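Close look at the chain arrangement
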Amino acid sequence: MTPPPNTAPLRAIAVVIPCYRSGELALDVIRRIGPEVGWIFVVDDCCPVQTGQTVLKHSTDPRVTVLFHAENQGVGGAVITGYNAAMKTDASVVVKIDGDGQMAPERIPQLCSPILSGQADYVKGNRFHIAGGVAAMPPLRLIGNVALSFITKASSGYWQLFDPTNGYTAIHARVLAELDTGKIAKRYFFESDMLFRLNLLRAVVSEMPMKAAYDGEPSSLSPMKVIAPFLRGNTRNFFKRVLYRYFVSDFSLASLELVFAVPLLAFGIIYGAEHLLSNRISGGVASAGTVMASALPIILGFQLLLSWLNYDVSGQPTQALHPQLPPLDDAPPAQRPQAPP
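Read on for an overview of the structure. Because the structure is predicted, anything quoted here is derived from the model rather than measured.

Some points on the packing of aromatic side chains
Describing an aromatic ring pair means giving the distance of the ring centres and the angle of the ring planes. Under the counting rule described, the total for this entry stands at nine aromatic pairs. Where F238 meets W308, the ring centres are 6.4 Å apart and the plane angle is 85°; that geometry is what we call edge-to-face. With F238 in helix α8 (residues 223-248) and W308 in helix α10 (residues 288-314), the pair connects residues that are 70 residues apart, well separated along the chain. Looking at W308, the relative accessible area reads 5%, which means it is buried.

Observations concerning the sheet that holds strand β3 (residues 64-68)
The strand order across the open sheet built from seven strands is β3-β2-β1-β4-β6-β5-β7, with neighbouring strands paired in mixed fashion. The sheet is open, and its two edges are formed by β3 and β7 (205-209), each paired on a single side. This sheet shows a mean twist of 20° between the axes of neighbouring strands, independent of strand direction. Here strand β4 (residues 93-96) pairs with strand β6 (residues 169-172) via four bridges, running antiparallel. Its bridge partner lying in β6, V95 is registered against A170. In the packing of helix α2 (residues 51-58) onto the sheet, contacts are made with β1 (13-19), β2 (37-44) and β3, and the angle to β3 comes to roughly 155°.

Describing the pairing of β6
Because side chains alternate across β6, one face comprises the buried residues T169 and I171, and the other comprises A170 and H172, equally buried. Sheet analysis places strand β5 (residues 122-126) next to β6, joined by three bridges and oriented antiparallel. Note on β6: the bridge partner recorded for V123 is A170.

Quick notes on the side chain of H172
Tracing the backbone shows H172 in strand β6. In contact with H172, not counting residues within four places along its chain, are S92, I115, D121 and H322.

Things to note about helix α4 (residues 108-116)
Along an α-helix, a turn takes 3.6 residues, which lines up residues three or four apart on a common side. In terms of residue burial, α4 counts as a mostly covered element, since seven of its nine residues are buried. Regarding α4, the residues found buried are I108, P109, L111, C112, S113, P114 and I115. A positive phi of about 80° marks G118, the residue just after α4.

What to know about the environment of L306
Along the chain, the position of L306 falls in helix α10. A relative accessible area of 39% places L306 in the partly exposed class. A sequence separation of 48 residues divides L306 from L258, and the C-alpha atoms of the two residues are 9.8 Å apart.

Description of the environment of R21
Of note, R21 is situated in the loop between β1 and α1 (25-31). Taking the C-alpha atoms as reference, R21 lies 5.7 Å from V49; in sequence the two are 28 residues apart. With residues near it in sequence (within four places) discarded, R21 still touches C47, P48, V49 and T51.

Let's talk about the pattern of salt bridges
When the charged atoms of two side chains with opposite charge come close together, those side chains can pair. Within the structure shown, the criterion is met by eleven salt bridges. Between E191 and K96 there is a salt bridge, and its shortest N-O distance comes to 3.4 Å. A residue pair is termed long-range when its members are at least 10 positions apart, and E191 in helix α7 (residues 190-200) and K96 in strand β4 qualify at 95 residues. The two residues E191 and K96 agree in class, both being buried. In this structure, R127 engages D163 in a salt bridge whose closest nitrogen and oxygen atoms are separated by 2.6 Å. Linking R127 in the loop between β5 and α5 (139-156) with D163 in the loop between α5 and β6, this pair joins segments that are 36 residues apart in sequence. For R127, a relative accessible area of 11% translates into the label buried. Because the salt bridges share partners, they merge into one network encompassing D28, R31, R32 and E106.

Considerations on the packing of helix α9 (residues 253-282) against α10
The N-to-C vectors of α9 and α10 enclose an angle of 150°; their axes lie 7 Å apart at closest approach. Taken together, the axes of α9 and α10 are roughly antiparallel relative to one another. When you trace α9 past α10, the crossing you get is left-handed. When the residues that make up the contact of α9 with α10 are grouped by side-chain class, the tally is 18 nonpolar, seven polar and one charged.

Rules used in this analysis
Residues numbered from 1 in each chain as written. Predicted model: local features only at pLDDT ≥ 70, side-chain atom pairs only at ≥ 80, totals over all residues. Heavy atoms only, no water. Phe/Tyr/Trp six-rings, centres within 6.5 Å; stacked < 30°, edge-to-face > 60°. Helix = DSSP H or I, 4+ residues; strand = E, 2+ residues; numbered from the N terminus. Buried < 20%, exposed > 50% of the residue type's maximum accessible area, 1.4 Å probe, protein only. Pairing = 2+ DSSP bridges. Axes fitted to C-alpha atoms, helices over the stretch in contact; angles between N-to-C directions. Contact = heavy atoms within 4.5 Å. Salt bridge = Lys/Arg side-chain N within 4 Å of Asp/Glu carboxyl O. Parallel < 35°, antiparallel > 145°, perpendicular 65-115°, else oblique. Left-handed = near helix turned anticlockwise from the far one by under 90°. Nonpolar A, V, L, I, M, F, W, Y, C, P; charged D, E, K, R; others polar.

Below is the structure:
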(Lines give C-alpha, C1' and ligand atoms only; values in the text may rest on other atoms or scores of the structure.)
Protein backbone atom coordinates (compact mmCIF):
# COMPACT_ATOMS: atom_id res chain seq x y z
CA MET A 1 0.00 0.00 0.00
CA THR A 2 1.38 3.43 -0.96
CA PRO A 3 2.08 5.63 2.10
CA PRO A 4 0.18 8.94 2.30
CA PRO A 5 2.25 11.96 1.22
CA ASN A 6 2.80 13.16 4.78
CA THR A 7 3.72 9.89 6.47
CA ALA A 8 6.50 7.29 6.36
CA PRO A 9 6.86 3.74 7.71
CA LEU A 10 8.06 3.82 11.31
CA ARG A 11 11.85 3.66 11.68
CA ALA A 12 12.48 3.34 7.94
CA ILE A 13 14.66 6.45 7.79
CA ALA A 14 18.16 7.41 8.90
CA VAL A 15 19.14 11.08 9.13
CA VAL A 16 22.61 12.52 8.59
CA ILE A 17 23.36 15.97 10.05
CA PRO A 18 26.74 17.44 9.00
CA CYS A 19 27.77 20.11 11.48
CA TYR A 20 30.20 23.00 11.18
CA ARG A 21 29.54 26.04 13.38
CA SER A 22 26.03 24.76 14.11
CA GLY A 23 26.38 24.83 17.91
CA GLU A 24 23.12 24.60 19.84
CA LEU A 25 21.09 24.97 16.63
CA ALA A 26 21.79 21.29 16.00
CA LEU A 27 20.01 20.40 19.26
CA ASP A 28 16.84 22.09 18.06
CA VAL A 29 17.04 20.23 14.74
CA ILE A 30 17.34 16.91 16.58
CA ARG A 31 14.40 17.72 18.88
CA ARG A 32 12.17 18.40 15.87
CA ILE A 33 12.88 15.08 14.12
CA GLY A 34 9.82 12.82 14.29
CA PRO A 35 9.38 9.15 15.26
CA GLU A 36 9.52 7.99 11.62
CA VAL A 37 13.31 8.30 11.93
CA GLY A 38 15.16 5.41 13.53
CA TRP A 39 18.75 6.68 13.42
CA ILE A 40 20.32 10.15 13.64
CA PHE A 41 24.01 10.56 12.77
CA VAL A 42 25.53 13.90 13.76
CA VAL A 43 28.87 14.43 12.03
CA ASP A 44 31.15 16.98 13.68
CA ASP A 45 33.37 18.12 10.80
CA CYS A 46 36.20 19.34 13.04
CA CYS A 47 33.76 22.04 14.17
CA PRO A 48 35.44 25.06 15.82
CA VAL A 49 32.49 25.47 18.21
CA GLN A 50 32.49 21.74 19.11
CA THR A 51 28.96 20.99 17.99
CA GLY A 52 29.50 17.26 18.47
CA GLN A 53 30.41 17.71 22.13
CA THR A 54 27.39 19.96 22.61
CA VAL A 55 25.12 17.24 21.24
CA LEU A 56 26.75 14.55 23.38
CA LYS A 57 26.32 16.69 26.48
CA HIS A 58 22.78 17.94 26.01
CA SER A 59 20.91 15.50 23.75
CA THR A 60 19.16 12.55 25.43
CA ASP A 61 17.68 11.16 22.19
CA PRO A 62 18.68 7.46 22.05
CA ARG A 63 18.66 7.56 18.26
CA VAL A 64 21.63 9.94 18.13
CA THR A 65 25.16 8.84 17.26
CA VAL A 66 27.88 11.49 17.08
CA LEU A 67 30.78 11.01 14.67
CA PHE A 68 33.92 13.19 14.69
CA HIS A 69 36.38 14.26 12.00
CA ALA A 70 39.91 14.99 13.16
CA GLU A 71 40.32 17.27 10.13
CA ASN A 72 37.74 19.34 8.30
CA GLN A 73 36.58 17.50 5.16
CA GLY A 74 33.86 19.87 3.98
CA VAL A 75 30.12 19.29 3.85
CA GLY A 76 30.47 16.47 1.32
CA GLY A 77 33.05 14.64 3.40
CA ALA A 78 30.83 14.93 6.49
CA VAL A 79 27.77 13.66 4.62
CA ILE A 80 29.69 10.72 3.18
CA THR A 81 30.84 9.76 6.69
CA GLY A 82 27.20 9.85 7.78
CA TYR A 83 26.12 7.89 4.69
CA ASN A 84 28.64 5.15 5.44
CA ALA A 85 27.34 4.88 9.01
CA ALA A 86 23.70 4.86 7.86
CA MET A 87 24.41 2.06 5.38
CA LYS A 88 25.21 -0.21 8.33
CA THR A 89 21.63 0.13 9.61
CA ASP A 90 18.36 -1.28 8.30
CA ALA A 91 17.18 2.12 7.05
CA SER A 92 15.49 2.16 3.64
CA VAL A 93 16.04 5.88 3.11
CA VAL A 94 18.89 8.17 4.18
CA VAL A 95 18.11 11.86 4.66
CA LYS A 96 20.65 14.65 4.78
CA ILE A 97 19.65 17.82 6.64
CA ASP A 98 21.82 20.72 7.75
CA GLY A 99 22.34 21.46 11.42
CA ASP A 100 21.68 25.20 11.20
CA GLY A 101 17.87 25.01 11.34
CA GLN A 102 17.24 26.36 7.84
CA MET A 103 15.47 23.14 6.82
CA ALA A 104 12.31 21.89 8.52
CA PRO A 105 12.82 18.41 10.05
CA GLU A 106 9.03 18.11 10.28
CA ARG A 107 8.94 17.65 6.50
CA ILE A 108 11.15 14.56 6.45
CA PRO A 109 8.13 12.26 5.81
CA GLN A 110 7.12 14.35 2.79
CA LEU A 111 10.70 14.37 1.50
CA CYS A 112 10.89 10.57 1.70
CA SER A 113 7.39 9.78 0.44
CA PRO A 114 8.24 9.60 -3.31
CA ILE A 115 11.07 7.19 -2.52
CA LEU A 116 9.08 4.95 -0.19
CA SER A 117 6.22 4.79 -2.71
CA GLY A 118 8.60 3.70 -5.49
CA GLN A 119 8.29 6.89 -7.57
CA ALA A 120 11.82 8.26 -7.12
CA ASP A 121 15.31 7.26 -6.02
CA TYR A 122 16.50 10.65 -4.79
CA VAL A 123 14.51 13.67 -3.62
CA LYS A 124 15.83 17.16 -2.97
CA GLY A 125 14.35 20.43 -1.78
CA ASN A 126 13.62 23.31 -4.15
CA ARG A 127 13.43 26.80 -2.65
CA PHE A 128 12.48 28.35 -6.00
CA HIS A 129 9.27 26.39 -6.54
CA ILE A 130 7.23 28.71 -4.30
CA ALA A 131 6.96 32.18 -5.85
CA GLY A 132 7.53 34.14 -2.63
CA GLY A 133 9.78 31.55 -1.00
CA VAL A 134 13.06 33.25 -1.87
CA ALA A 135 12.18 36.80 -0.80
CA ALA A 136 14.46 36.53 2.24
CA MET A 137 17.36 34.96 0.32
CA PRO A 138 20.41 37.26 0.10
CA PRO A 139 20.61 38.74 -3.44
CA LEU A 140 24.12 37.45 -4.13
CA ARG A 141 23.13 33.94 -3.11
CA LEU A 142 19.95 34.16 -5.20
CA ILE A 143 21.85 35.17 -8.34
CA GLY A 144 24.46 32.50 -7.72
CA ASN A 145 21.82 29.80 -7.31
CA VAL A 146 20.08 30.75 -10.56
CA ALA A 147 23.36 30.64 -12.50
CA LEU A 148 24.45 27.39 -10.87
CA SER A 149 21.06 25.82 -11.56
CA PHE A 150 21.42 26.27 -15.31
CA ILE A 151 25.01 25.02 -15.38
CA THR A 152 24.10 22.00 -13.26
CA LYS A 153 21.16 21.16 -15.51
CA ALA A 154 23.61 20.71 -18.38
CA SER A 155 26.29 18.87 -16.41
CA SER A 156 23.94 16.49 -14.57
CA GLY A 157 21.38 15.91 -17.34
CA TYR A 158 18.46 16.58 -14.96
CA TRP A 159 17.02 19.46 -16.94
CA GLN A 160 13.77 19.60 -14.91
CA LEU A 161 15.57 20.31 -11.62
CA PHE A 162 16.40 23.63 -10.01
CA ASP A 163 18.23 24.81 -6.90
CA PRO A 164 21.10 22.29 -7.25
CA THR A 165 22.93 23.39 -4.10
CA ASN A 166 19.91 22.65 -1.89
CA GLY A 167 21.17 20.29 0.80
CA TYR A 168 17.82 18.93 1.99
CA THR A 169 17.96 15.51 0.33
CA ALA A 170 16.82 11.90 0.66
CA ILE A 171 18.17 8.85 -1.15
CA HIS A 172 17.15 5.19 -1.20
CA ALA A 173 19.72 3.00 0.54
CA ARG A 174 19.97 0.61 -2.44
CA VAL A 175 20.82 3.47 -4.79
CA LEU A 176 23.29 4.89 -2.29
CA ALA A 177 25.02 1.51 -2.24
CA GLU A 178 25.49 1.73 -6.03
CA LEU A 179 27.41 5.01 -5.76
CA ASP A 180 31.17 5.08 -5.36
CA THR A 181 31.20 7.57 -2.49
CA GLY A 182 34.98 7.80 -2.68
CA LYS A 183 34.69 9.65 -6.00
CA ILE A 184 32.05 12.19 -4.95
CA ALA A 185 33.26 15.76 -4.36
CA LYS A 186 33.69 16.41 -0.64
CA ARG A 187 33.15 20.14 -0.36
CA TYR A 188 30.53 22.56 -1.66
CA PHE A 189 30.35 20.84 -5.04
CA PHE A 190 28.96 17.75 -3.30
CA GLU A 191 25.26 18.23 -4.16
CA SER A 192 25.95 18.99 -7.84
CA ASP A 193 28.34 16.06 -8.14
CA MET A 194 25.74 13.77 -6.58
CA LEU A 195 23.27 14.67 -9.33
CA PHE A 196 25.84 13.93 -12.02
CA ARG A 197 26.62 10.50 -10.57
CA LEU A 198 22.94 9.68 -10.06
CA ASN A 199 22.33 10.41 -13.75
CA LEU A 200 25.05 7.94 -14.72
CA LEU A 201 23.01 5.33 -12.80
CA ARG A 202 19.82 6.55 -14.53
CA ALA A 203 18.23 7.21 -11.13
CA VAL A 204 14.96 9.14 -10.92
CA VAL A 205 15.31 12.45 -9.08
CA SER A 206 12.37 14.58 -7.93
CA GLU A 207 11.95 17.73 -5.87
CA MET A 208 9.99 18.85 -2.83
CA PRO A 209 8.89 22.52 -2.76
CA MET A 210 10.15 24.30 0.34
CA LYS A 211 10.59 27.81 1.66
CA ALA A 212 13.98 29.40 2.12
CA ALA A 213 14.73 30.30 5.74
CA TYR A 214 17.38 32.91 6.51
CA ASP A 215 17.61 34.53 9.90
CA GLY A 216 20.73 36.58 9.30
CA GLU A 217 23.20 33.88 10.31
CA PRO A 218 26.50 34.07 8.43
CA SER A 219 27.08 31.57 5.65
CA SER A 220 30.38 29.71 5.36
CA LEU A 221 29.87 29.67 1.59
CA SER A 222 31.80 32.46 -0.15
CA PRO A 223 30.45 32.89 -3.70
CA MET A 224 33.71 34.31 -5.04
CA LYS A 225 35.68 31.34 -3.72
CA VAL A 226 33.45 28.68 -5.26
CA ILE A 227 32.88 30.15 -8.73
CA ALA A 228 36.00 28.58 -10.25
CA PRO A 229 35.59 25.13 -8.59
CA PHE A 230 31.90 24.95 -9.56
CA LEU A 231 32.55 26.01 -13.15
CA ARG A 232 35.46 23.60 -13.47
CA GLY A 233 33.56 20.72 -11.86
CA ASN A 234 30.39 21.22 -13.93
CA THR A 235 32.36 21.51 -17.18
CA ARG A 236 34.22 18.29 -16.41
CA ASN A 237 31.00 16.49 -15.49
CA PHE A 238 29.25 17.67 -18.65
CA PHE A 239 31.86 16.19 -20.95
CA LYS A 240 32.11 12.99 -18.89
CA ARG A 241 28.33 12.56 -18.94
CA VAL A 242 28.05 13.13 -22.68
CA LEU A 243 30.91 10.75 -23.41
CA TYR A 244 29.51 8.01 -21.17
CA ARG A 245 25.85 8.46 -22.07
CA TYR A 246 26.17 8.80 -25.85
CA PHE A 247 29.33 6.89 -26.74
CA VAL A 248 29.94 4.26 -24.03
CA SER A 249 26.66 3.06 -22.54
CA ASP A 250 24.66 3.77 -25.71
CA PHE A 251 25.04 4.93 -29.31
CA SER A 252 21.96 6.42 -30.95
CA LEU A 253 20.84 8.95 -33.54
CA ALA A 254 21.57 11.65 -30.95
CA SER A 255 25.17 10.41 -30.81
CA LEU A 256 25.47 10.83 -34.58
CA GLU A 257 24.03 14.33 -34.30
CA LEU A 258 26.84 15.24 -31.91
CA VAL A 259 29.44 13.56 -34.12
CA PHE A 260 28.47 15.80 -37.04
CA ALA A 261 27.39 18.95 -35.14
CA VAL A 262 30.72 19.62 -33.42
CA PRO A 263 33.01 19.46 -36.49
CA LEU A 264 30.52 21.38 -38.63
CA LEU A 265 30.31 24.19 -36.09
CA ALA A 266 34.07 24.21 -35.56
CA PHE A 267 34.80 24.30 -39.29
CA GLY A 268 32.28 27.07 -40.00
CA ILE A 269 33.46 29.28 -37.16
CA ILE A 270 37.19 28.80 -37.80
CA TYR A 271 36.87 29.13 -41.58
CA GLY A 272 34.70 32.26 -41.27
CA ALA A 273 36.94 33.88 -38.65
CA GLU A 274 40.06 33.18 -40.68
CA HIS A 275 38.65 34.77 -43.85
CA LEU A 276 37.15 37.69 -41.92
CA LEU A 277 40.53 38.47 -40.38
CA SER A 278 42.30 38.08 -43.73
CA ASN A 279 39.87 40.44 -45.46
CA ARG A 280 40.21 43.03 -42.71
CA ILE A 281 43.99 43.00 -43.07
CA SER A 282 43.96 43.13 -46.88
CA GLY A 283 40.93 45.40 -47.17
CA GLY A 284 39.15 42.94 -49.42
CA VAL A 285 35.51 41.81 -49.41
CA ALA A 286 34.44 38.21 -48.83
CA SER A 287 32.78 36.55 -51.82
CA ALA A 288 29.32 35.00 -51.63
CA GLY A 289 30.89 31.55 -51.87
CA THR A 290 33.16 32.24 -48.92
CA VAL A 291 30.22 33.46 -46.84
CA MET A 292 28.16 30.38 -47.70
CA ALA A 293 31.09 28.05 -47.03
CA SER A 294 31.22 29.46 -43.51
CA ALA A 295 27.51 30.02 -42.81
CA LEU A 296 26.13 26.70 -44.08
CA PRO A 297 28.21 24.46 -41.74
CA ILE A 298 27.33 26.74 -38.82
CA ILE A 299 23.60 26.56 -39.59
CA LEU A 300 23.63 22.78 -40.07
CA GLY A 301 25.77 22.23 -36.99
CA PHE A 302 23.54 24.45 -34.88
CA GLN A 303 20.41 22.61 -36.04
CA LEU A 304 21.99 19.25 -35.23
CA LEU A 305 23.06 20.55 -31.82
CA LEU A 306 19.52 21.75 -31.06
CA SER A 307 18.16 18.36 -32.08
CA TRP A 308 20.62 16.63 -29.75
CA LEU A 309 19.70 19.01 -26.92
CA ASN A 310 16.00 18.22 -27.40
CA TYR A 311 16.83 14.51 -27.17
CA ASP A 312 18.92 15.09 -24.04
CA VAL A 313 16.17 17.09 -22.31
CA SER A 314 13.46 14.54 -23.14
CA GLY A 315 15.63 11.53 -22.32
CA GLN A 316 15.65 11.89 -18.53
CA PRO A 317 15.03 8.72 -16.49
CA THR A 318 11.40 8.14 -15.53
CA GLN A 319 11.41 4.65 -13.97
CA ALA A 320 12.75 4.41 -10.43
CA LEU A 321 15.94 2.39 -10.15
CA HIS A 322 15.79 1.06 -6.59
CA PRO A 323 12.91 -1.45 -7.11
CA GLN A 324 15.11 -3.14 -9.71
CA LEU A 325 18.12 -3.46 -7.40
CA PRO A 326 18.71 -6.45 -5.10
CA PRO A 327 18.21 -6.03 -1.34
CA LEU A 328 21.19 -4.96 0.70
CA ASP A 329 22.74 -7.99 2.35
CA ASP A 330 26.34 -6.97 3.02
CA ALA A 331 25.82 -7.71 6.70
CA PRO A 332 23.29 -10.00 8.41
CA PRO A 333 20.45 -8.03 10.05
CA ALA A 334 21.54 -9.20 13.48
CA GLN A 335 24.91 -7.44 12.98
CA ARG A 336 23.39 -4.10 11.91
CA PRO A 337 22.64 -1.38 14.46
CA GLN A 338 18.97 -1.58 15.37
CA ALA A 339 16.79 1.45 15.93
CA PRO A 340 16.37 2.20 19.66
CA PRO A 341 12.95 1.37 21.12
